[in-house]
Amino acid sequence: MVKTADVVIIGGGAIGTSILYHLTAKGMRNVVLLEKGLLCAGSTGDSAAIMRQHYSNEVSIRLVKKSLEIFQHFPDVFGTAVLHNVGWYFLVPPEAADLFHENMVQLKRLGVRTSAVSLEDAAEALPGLNLEGIGCVAFEPESGYVDPHGMASAFAAKAKSSGAEVYLQTPARDIKLSNGRVAAVVTDQGEIRTPVVVNAAGPWAKAVGQWVGLDLPLEVTRESEVVARIPADIPPLRHSVSNMVDRSYWRPERHGMLLVGVGHPKENELADPDHYSRDVSRDFVEDVSRRLSHRLPAMEDAVFVKGWSGLYTVTPDWNMILDKSPDVDGLYLAVGGSGHSFKISPAIGLCMAELIVDGAASTVDITPLEGARFTENTQLSSTYGGNRA
Ligand SMILES: Cc1cc2nc3c(=O)[nH]c(=O)nc-3n(C[C@H](O)[C@H](O)[C@H](O)COP(=O)(O)OP(=O)(O)OC[C@H]3O[C@@H](n4cnc5c(N)ncnc54)[C@H](O)[C@@H]3O)c2cc1C
């Protein structure tokens, strides 16, 4: 293992690998990523990884737009495609129609390709859709879903080919400070001396912060998903869908399957990232099945073939903290993915690399995501509430 590095990143999920790649793309060579398991061992590996651009705050819209551009150019840069550009539909109840139309104006102003479509057009695109209770529908032709393992491994491989080191099964154990600034990261194989550490530890980010006396405003919640076989006699369900009406989402999965989850707002189930059940409960399967078959009655007889529970790392306003720590020199924070940050991870990596190398992010102004917003009362608000940031 190397003894020194210019930057050490803790965490090999979507965020850590994206930062690693973008640092090397900016010319840094002596960069190290430590991952306590394998790549995508945390939230990223469990993610539905739905890609939609319908955010309701400007910084997230700008981040997702830039991320889409990176996903679209992935084959040119990394030699592999990770975006499944199947399109994304958003089903909205009538009571949220005004907010929806207001938000569509903002999205279009910021250059997002999106349109409000009629219920008839939605029913045609989503065969068997029960239109009851749907007020409006948006369609984004460029969105869909992404392969998280494909993305993270491509970022890591490209960074390694530029000289970065990726150590798997290598937990960071501690961060050593000297005169209030970062000096080294401790591992079981020894210390790596470094002036810069990035906390990208996902659900373990709070624990990493505690090593240097930070109390990051993060909670960890347990989130379940299931995969259902689409009955052979119904037309294929080709698109990603977020269904605000029944609070559910789904997207195509390989081999004629559908990945399905339950949306927010709902009660948060707090979890300990080192001790939580990865199974799905019977109640969850019944609940998700009820929601799905209400909206797609032909799915009533769908067989659920697998399911899992993963973790969200939630900030008080459900948006990430992207920042240089004001308390510990040399420590950078890319924490609090809050259930929707996979899709913005490419741009987050780019912006964090700019923050570290240039002193400020220039691609997108990420200052609204500084940690101080929680003490200065400048938290981001969401048009629709919950985690629909
Ligand atoms: C069920 C579910 C569905 C989701 N659906 C979507 C979606 O549809 N669209 C979307 O955009 N987002 C979605 N998300 C959210 C998204 O997946 C996360 O926001 C994103 O993956 C967070 O990435 P991360 O790199 O911050 O965290 P993680 O992927 O958790 O990565 C952190 C990594 O750090 C490692 N680590 C921790 N501590 C240490 C240590 N001490 N030393 C070394 N390594 C360490 C962990 O092993 C882990 O691999 C979903 C999440 C879940 C759980």
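Rules behind the numbers
- The residue numbers shown here count from 1 along each chain, following its written sequence.
- The model is predicted, so local features are restricted to residues of pLDDT at least 70 and side-chain atom pairs to those at 80 or more, both for listing and for counting; the totals for chains, interfaces and linings are taken over all residues.
- With hydrogens and water stripped out, all remaining heavy atoms of the structure feed into the side-chain values.
- Per the convention used, a helix needs a DSSP run of H or I reaching at least four residues, while a strand needs a run of E reaching at least two, with both numbered from the N terminus.
- One less than the residue count of a helix, multiplied by 1.5 Å, gives the span that helix is expected to have.
- Buried residues are those whose accessible area, probed at 1.4 Å on protein chains only, stays under 20% of the maximum for their type, while exposed residues exceed 50% and partly exposed ones sit between those limits.
- Here a residue-residue contact requires only that any non-hydrogen atoms of the pair lie within 4.5 Å.
- In this scheme Phe, Tyr and Trp rings, the latter by its six-membered ring, pair at centre separations within 6.5 Å, and the angle between planes marks the pair as stacked below 30 degrees, edge-to-face above 60, and tilted otherwise.
- Throughout this description, the term charge over a ring refers to an Arg CZ or Lys NZ atom that lies within 6 Å of the ring centre and within 35 degrees of the ring normal.
- Any two strands between which DSSP finds at least two bridges are classified as paired.
- Here, the term right-handed applies to a crossover whose path from the first strand over the helix to the second runs clockwise when the strands point away from the viewer.
- What makes a residue near a molecule or strand is one non-hydrogen atom of that residue sitting within 4 Å of it.
- The term polar contact refers here to a pair of N or O atoms within 3.5 Å; inside protein, the definition further demands a hydrogen-donor-capable atom paired with an acceptor-capable atom, and it admits residues adjacent in sequence only when both atoms are side-chain atoms.
- Each residue is assigned to one class: nonpolar for Ala, Val, Leu, Ile, Met, Phe, Trp, Tyr, Cys and Pro, charged for Asp, Glu, Lys and Arg, and polar for all the others, Gly among them.
- Segment limits for the domains were obtained from an automatic or database-derived domain assignment.
- Once two parts are put together, the accessible area they lose, assessed with a 1.4 Å probe and summed over both, is termed the buried area.
- When a carboxyl oxygen of Asp or Glu is within 4 Å of a side-chain nitrogen of Lys or Arg, the pair counts as a salt bridge.
- Working convention: axes come from line fits to C-alpha atoms, limited for helices to the stretch in contact. Angles between N-to-C directions cover 0 to 180 degrees.
- Space inside and on the surface of the protein is sampled on a 1 Å grid over the protein atoms alone, with a cavity defined as a set of points where a 1.4 Å probe fits but cannot get out and a pocket as an open set with protein on both sides within 12 Å along at least 5 of 7 lines; lining residues have an atom within 4 Å of a point.
- Grid points are joined across faces, edges and corners, and a volume is the space filled by probe spheres set on the points.

Across its 13 residues, helix H5 (residues 97-109) extends 18 Å between first and last C-alpha, which sits within 8% of the 18 Å expected from 1.5 Å per residue. Three or more residues of H5 are buried, namely Ala 97, Phe 100, Asn 103, Met 104, Gln 106 and Leu 107. The inward-facing, buried residues of H5 abut helix H3 (58-72), strand S5 (88-92), strand S6 (115-117) and strand S7 (136-140). Gly 111 sits one or two residues past H5 and shows a positive phi near 90 degrees.

All chains considered together, the criterion is met by 10 aromatic pairs. Centroid distance Phe 90 to Phe 100: 6.4 Å. Interplanar angle 50 degrees. Geometry classified as tilted. Taken together, the positions of Phe 90 in strand S5 and Phe 100 in helix H5 put the pair 10 residues apart, joining distant regions of the chain. Judged by relative accessible area, Phe 90 falls into the buried class, the value being 0%. One residue, Lys 36, lies across the ring of Trp 204, its end atom 3.7 Å from the ring centre. Above the ring of Tyr 55, the side-chain terminus of Arg 52 is found at 4.3 Å from the ring centroid.

Every second residue of strand S2 (residues 31-34) is oriented toward a common face, with Val 31 and Leu 33 on one face and Val 32 and Leu 34 on the other, all of them buried. As paired strands, strand S1 (residues 7-10) and S2 are joined by four bridges and run parallel to one another. Note on S2: the bridge partner recorded for Val 8 is Val 32. Between the parallel elements S1 and S2, the chain passes through helix H1 (residues 14-25) in a crossover that is right-handed. Where S2 lies against strand S9 (residues 165-167), three bridges are found, and the strand directions are parallel. Paired with Leu 34 across the two strands is Tyr 167, which belongs to S9.

Near the ligand you find 38 residues, and of these Glu 35, Ser 43, Thr 44, Ile 50 and Lys 343 are the closest. Between the ligand and Gly 42 there is a distance of 3.4 Å, counted from an oxygen atom to a backbone nitrogen or oxygen. His 340 places a polar main-chain atom, nitrogen or oxygen, 3.0 Å from an oxygen atom of the ligand. Counting only elements with at least two residues in the shell around the ligand, the list comes to H1, helix H2 (43-46), strand S14 (219-229) and strand S18 (303-314). Its residues assigned to classes, the shell around the ligand comprises 18 nonpolar, 14 polar and six charged. For the shell around the ligand, the two domains that each supply at least three residues are domain 1 (7-48 + 148-217 + 317-374) and domain 2 (86-142 + 219-314).

Time to look at the domain arrangement of the protein chain. What the domain assignment lists for the protein chain is domain 1 (7-48 + 148-217 + 317-374) and domain 2 (86-142 + 219-314). Here domain 1 and domain 2 have C-alpha centroids that lie 30 Å from each other. If you look at the interface, domain 1 gives 13 residues, while domain 2 gives 19 residues. With both chains or domains summed, domain 1 and domain 2 bury close to 1200 Å², and 52% of this area falls on carbon and sulfur atoms. When the area that domain 1 buries against domain 2 is broken down by residue, the three leading residues are Asp 46, Ala 48 and Trp 318, summing to 45%. For the interface between domain 1 and domain 2, the tally reads one salt bridge. The salt bridge involving Arg 278 is made with Asp 46; its shortest N-O contact spans 2.8 Å.

With that out of the way, let us pick up the sheet that holds strand S11 (residues 181-187). Read from one edge of the open sheet, three strands run S10-S11-S12, paired in antiparallel fashion. Each having just a single partner strand, strand S10 (172-178) and strand S12 (190-193) make up the two edges of the open sheet. The sheet shows a mean angle of 30 degrees between the axes of neighbouring strands, taken without regard to direction. Judged from the four bridges that link them, S11 and S12 form a sheet pairing that is antiparallel. Bridge pairing in S12 places Val 186 opposite Glu 191.

On to the layout of surface pockets. Considering only enclosed or pocket space, the second largest pocket measures out at about 290 Å³ in volume. The wall of the second largest pocket is formed by 15 residues, among which Asp 147, Pro 148, Arg 251, Glu 253 and Arg 254 lie closest to the centre. Where the lining of the second largest pocket is concerned, the elements lending two or more residues are H2, strand S8 (144-146), helix H7 (148-161), strand S16 (248-253) and S18.

Further remarks concern empty space enclosed by the protein. In this structure the tally under the stated criterion is one cavity of 30 Å³ or more. Roughly 40 Å³ of volume is contained in the largest cavity. Contributing to the lining of the largest cavity are Ser 60, Leu 63, Asn 319, Met 320, Leu 322, His 340, Ile 344, Ile 348 and Leu 369. Here the residues of the lining of the largest cavity sort into six nonpolar, three polar and no charged.

Turning our attention to the sheet that holds strand S3 (residues 50-51). Hydrogen bonding along the main chain pairs the strands of a sheet, whether they run parallel or antiparallel. Strand order across the open sheet formed by three strands is S3-S8-S4, with antiparallel pairing between neighbours. On the outer flanks of this sheet lie S3 and strand S4 (83-84), each paired with one strand and no other. Pairing between S3 and S8: two bridges, direction antiparallel. Each residue of the ladder has a partner; that of Met 51, found in S8, is Gly 144.

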